[in-house]
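What follows is the residue order along each chain.
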Amino acid sequence: MRRDGRFLRLPPFPPNTRRAVPGLREGRLSPLSHVGLLEGLLPPGPSPEGKGKPQAGPGSESSCRETEAASEPLLSSSGGRRVEALCGEGGEDGAELNWFQGLWRPSMSGMHLVKRGREQKKLDLHRDFTVASPAEFVTRFGGNRVIEKVLIANNGIAAVKCMRSIRRWAYEMFRNERAIRFVVMVTPEDLKANAEYIKMADQYVPVPGGPNNNNYANVELIVDISKRIPVQAVWAGWGHSSENPKLPELLHKHGVAFLGPPGEAMWALGDKVASTIVAQTVLIPTLPWSGSDLVAEWTEEENEQRRTITVPLETYRRGCVKDVDEGLEASERIGYPVMIKASEGGGGKGIRIADAAEEFPARFRQVNKTKPKKKTQ
């Protein structure tokens, strides 16, 4: 297509251009590449479809001198490679070849530029940010805590994804995927199943089996392991103890970093009952539940002042179901089937579904076992 938008038919590729254009002999160019190489470089004059000839004859010395004079500045400014033609040789082949005098310019297509930009960006990142160790990384970027060993307080796919992601980052940053080591908690059930995350870890610590209150949701156990190993950080993933605000608070007291949200955010949103009451207070639609009609006291003035919403203890208790009888009453009001979930702890494994009133008592007792144990003094 010409620069003015009109389509132009190019002549067939000249037969003797293979020996005239460097690169065709060696197989670096194909006969179809002349369209892209010489875009916009056609000499003035009628199109090939017209009856006239180009203004400069194919074998004229002026034609060759003008072409060479026009090409040399472009060669020095762009660094491109000139496509040579047979000048001074008359005949149709010479005329055809004169059409292809120009520069071998690099592709300026969008995809080529994007690819070249990505490659350059990778080089810049490696040149500017590649460091040898976590300690050097912390020093260079003004940090105050070096993390070289992490305790994963979770199991299964959560632990696998954590190790894969951090090791990929460690390889890109330190050129050593083992720059950060991982310690995992292992129950007898996980060990018997030969779980993948155990094989990926650098070290594992045996913990009691059974419900997650004995292992992955046991905050005191996690803190104790982090001190005994020791580790510089703990990652809880999702479920289990990841939403228990006591975990980051206790870890902070012992100088161990928690890779997750602060305890204040967990207190506000980690509890299912309190967070749902807050949502209803600001008119966010919620599913029917045992406390669908509950809202916290919050005035328009407090809204304008952006004050924190506080859920009174009495309001909170009204949203909880404390025994089977209260659960059956709430279920009749909501309608079956119903989902039973502990307000904290349990994770996805703590959810039970009751399709009828006859199933509710047994399901409720199962969920009640997933509640975090209260520590007795």
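It should be noted that the structure appears before, not after, this text.
Calculation rules
- Residues numbered from 1 in each chain as written.
- Predicted model: local features only at pLDDT ≥ 70, side-chain atom pairs only at ≥ 80, totals over all residues.
- Heavy atoms only, no water.
- Helix = DSSP H or I, 4+ residues; strand = E, 2+ residues; numbered from the N terminus.
- Buried < 20%, exposed > 50% of the residue type's maximum accessible area, 1.4 Å probe, protein only.
- Contact = heavy atoms within 4.5 Å.
- Areas by Shrake-Rupley, 256 points an atom, 1.4 Å probe, with all protein chains shown as cover.
- Core = buried A, V, L, I, M, F, W, Y, C linked by side-chain atoms within 4.5 Å.
- Pairing = 2+ DSSP bridges.
- Axes fitted to C-alpha atoms, helices over the stretch in contact; angles between N-to-C directions.
- Patch = residues over 30% accessible without salt bridge, like charges linked within 9 Å, V, L, I, M, F, W, Y side chains within 5 Å.
- Salt bridge = Lys/Arg side-chain N within 4 Å of Asp/Glu carboxyl O.

Enquirer: I tried to follow the overall build of the protein on my own but got confused; where do I start?
Expert: Secondary structure summary: the protein contains 17 helices and nine strands in total. For the protein, buried positions account for 34% of its 377 residues. Considering only contacts within the protein whose residues lie at least 6 apart along the sequence, 56% involve residues at least 24 apart. Surface exposure of the protein reaches about 23,600 Å², of which carbon and sulfur atoms provide 54%.

Enquirer: Looking at this structure, I do not really get the nonpolar core. What am I missing?
Expert: Proteins that are soluble and globular tend to have nonpolar side chains buried together. L151, I152, M163, M185, Y197, V234 and L247 are the most contacted members of the largest nonpolar core, which totals 39 residues. Counting only elements with at least two residues in this core, the list comes to β3 (149–152), α7 (156–174), β4 (181–186), α9 (196–200), α10 (219–228), β6 (233–235), α11 (246–253) and β7 (257–258). The next biggest cluster of nonpolar side chains, apart from the first, holds eight residues, and it includes L294, A296, I309 and Y316.

Enquirer: Teacher, can you tell me more about the sheet that holds β3 here?
Expert: Strand pairing in a sheet relies on backbone hydrogen bonds, with the paired strands running either antiparallel or parallel. Overall, parallel pairing links the five strands, which are arranged β5-β4-β3-β6-β7 in an open sheet. Bordering the open sheet on either side are β5 (203–206) and β7, each of which pairs with just one other strand. Its contacts with the sheet put α7 on β3, β4 and β6, and the angle it makes with β4 is roughly 175 degrees.

Enquirer: I tried to follow helix α13 (residues 272–281) on my own but got confused; where do I start?
Expert: Count 3.6 residues to each turn of an α-helix, and residues three or four apart come out pointing the same way. Counting buried residues along α13, seven of its ten residues qualify, which places the element largely inside the surrounding structure. For α13, the full list of buried residues reads V273, A274, S275, I277, A279, Q280 and T281. Those residues of α13 hidden inside the fold are in contact with α12 (263–269) and α15 (313–319). Count one or two residues on from α13 and you reach L283, which has phi positive near 65 degrees.

Enquirer: Would you take a moment to explain a nonpolar patch on the surface for this structure?
Expert: On the surface, M339, I351 and I353 cluster together into a nonpolar patch covering about 280 Å² of accessible area. On the secondary structure map, I351 appears in the loop between β8 (338–340) and β9 (352–354). Judged by its relative accessible area of 32%, I351 is partly exposed.

Enquirer: Can you help me understand the pattern of salt bridges in this one?
Expert: Side chains that carry opposite charge are capable of pairing whenever their charged atoms lie near each other. A complete count under the given rule lists six salt bridges for this structure. A salt bridge links E326 to K322, with the nearest nitrogen and oxygen atoms 3.6 Å apart. Looking at E326, the relative accessible area reads 29%, which means it is partly exposed. Linked through salt bridges whose partners overlap, the residues forming this network are R167, R178 and D202.

Enquirer: For this particular structure, what's the right way to read unusual backbone geometry?
Expert: Of note, the amide linkage connecting I229 to P230 takes the cis form, showing an omega dihedral of -10 degrees. As for its position among the elements, P230 is in the loop between α10 and β6. Across the junction of Y336 and P337, the peptide omega takes the value 0 degrees, indicating a cis bond.

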